[in-house]
Amino acid sequence: MRELTYRDALREALTEEMEREPKLLLLGEDIGVYGGAYKVTNGLQARFGEDRVIDSPMSEQAIVGAGLGAALVGTPIMAEVMYIDFALLAMDQLINQAAKVRYMFGGNVDVPLVVRTQGGTGRSSAAQHSQSLERLFFQIPGLRVAIPSTPYDAKGLLKTALRGREPVIFIEHKMLYATKGPVPEETYLLPFGKADTKRSGKDITIVAISRMVN
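Please read these numbers as outputs of a predicted model, since none were measured by experiment. (Residues numbered from 1 in each chain as written. Predicted model: local features only at pLDDT ≥ 70, side-chain atom pairs only at ≥ 80, totals over all residues. Heavy atoms only, no water.)

Caption draft 1: Inspection of the overall build of the protein at higher detail. Counting its secondary structure elements, the protein contains seven helices and eight strands. For 214 residues, the compact-globule formula gives about 17 Å, and the C-alpha radius of gyration of the protein, at 16 Å, lands near that figure. If one aligns the C-alpha atoms of the protein with their principal axes, the spans along those axes are about 50 × 40 × 40 Å. Per-residue burial over the protein gives 51% buried out of 214 residues. If you take every contact in the protein between residues at least 6 apart in sequence, the share linking residues at least 24 apart comes to 83%. Of the roughly 10,900 Å² that the protein leaves accessible, carbon and sulfur atoms contribute 52%. Across the protein, the 25 positively charged side chains and the 25 negatively charged ones have centroids separated by 5 Å. (Helix = DSSP H or I, 4+ residues; strand = E, 2+ residues; numbered from the N terminus. Rg over C-alpha atoms; globule rule 2.2 N^0.38 Å. Buried < 20%, exposed > 50% of the residue type's maximum accessible area, 1.4 Å probe, protein only. Contact = heavy atoms within 4.5 Å. Areas by Shrake-Rupley, 256 points an atom, 1.4 Å probe, with all protein chains shown as cover. Lys, Arg positive; Asp, Glu negative; His and termini not counted. Charge placed at Lys NZ, Arg CZ, Asp CG, Glu CD.)

Caption draft 2: The pattern of salt bridges, seen in detail. Taken as a whole, this structure holds 17 salt bridges when the rule is applied. Lys 155 is the partner of Glu 12 in a salt bridge, and the nearest nitrogen-oxygen pair spans 2.6 Å. With Glu 12 in helix 1 (residues 6-20) and Lys 155 in helix 7 (residues 151-162), this residue pair connects regions lying 143 residues apart in the sequence. For the pair Glu 12 and Lys 155, a shared accessibility class is recorded, and that class is buried. Notably, a salt bridge pairs Asp 153 with Lys 198, separated by 2.9 Å at the nearest N-O pair. Of this pair, Asp 153 sits in helix 7 while Lys 198 sits in the segment after strand 8 (180-182), and the two are 45 residues apart along the sequence. Look at the salt bridges and you will find they share partners, linking Arg 2, Glu 12, Glu 16, Glu 17, Arg 20, Lys 155, Lys 159 and Arg 163 into a network. (Salt bridge = Lys/Arg side-chain N within 4 Å of Asp/Glu carboxyl O.)

Caption draft 3: Looking closely at the environment of Ser 132. Along the polypeptide, Ser 132 turns up in the loop between strand 5 (113-119) and helix 6 (135-138). Each C-alpha atom of the pair Ser 132 and Ile 171 lies 9.5 Å from the other, and the pair is 39 residues apart in sequence.

Dropping the structure here:
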């Protein structure tokens, strides 16, 4: 089986889903011409155009708020917040709005919104670019949390997220982008809420997420 980097697996998922769903939009700071802070969206604006891969203002409230608005009128959208540290600026949009909308309307409204962001330490990026804040989102009803640890998981989970009806915060560890692993060429999806046994044994159970799996 071929091997892809974590970064390329994510880009391939976005590319395939944009080709499959012509209404899917990408929105975020520097995701277009620059190709994203970690180059996950590199080349996508040239391929799909400025109307579908949109460079946003430097405002997390605007990115997530606009993403939620698009989702509520039936437009599936991936909104990227450059670092999870800055997701704190959009907590109202994420927790009080996106996560609650389906409940408030009795399940009659879809929220096809995926918020991609990066967390974790390891790059000497100082205090406001190096936090692991995923625990803040685990306890929020109505908000899905996906944290892939391998290229295989990254592609399969992102495709599942982009096809979903509920809001998802998709958290990538910034030290995993260059890691490589097997990724099938055929289409596959990975379900949310199901553990993956990376190595079987009989003496002890170790549960881990993100880079700790590696």
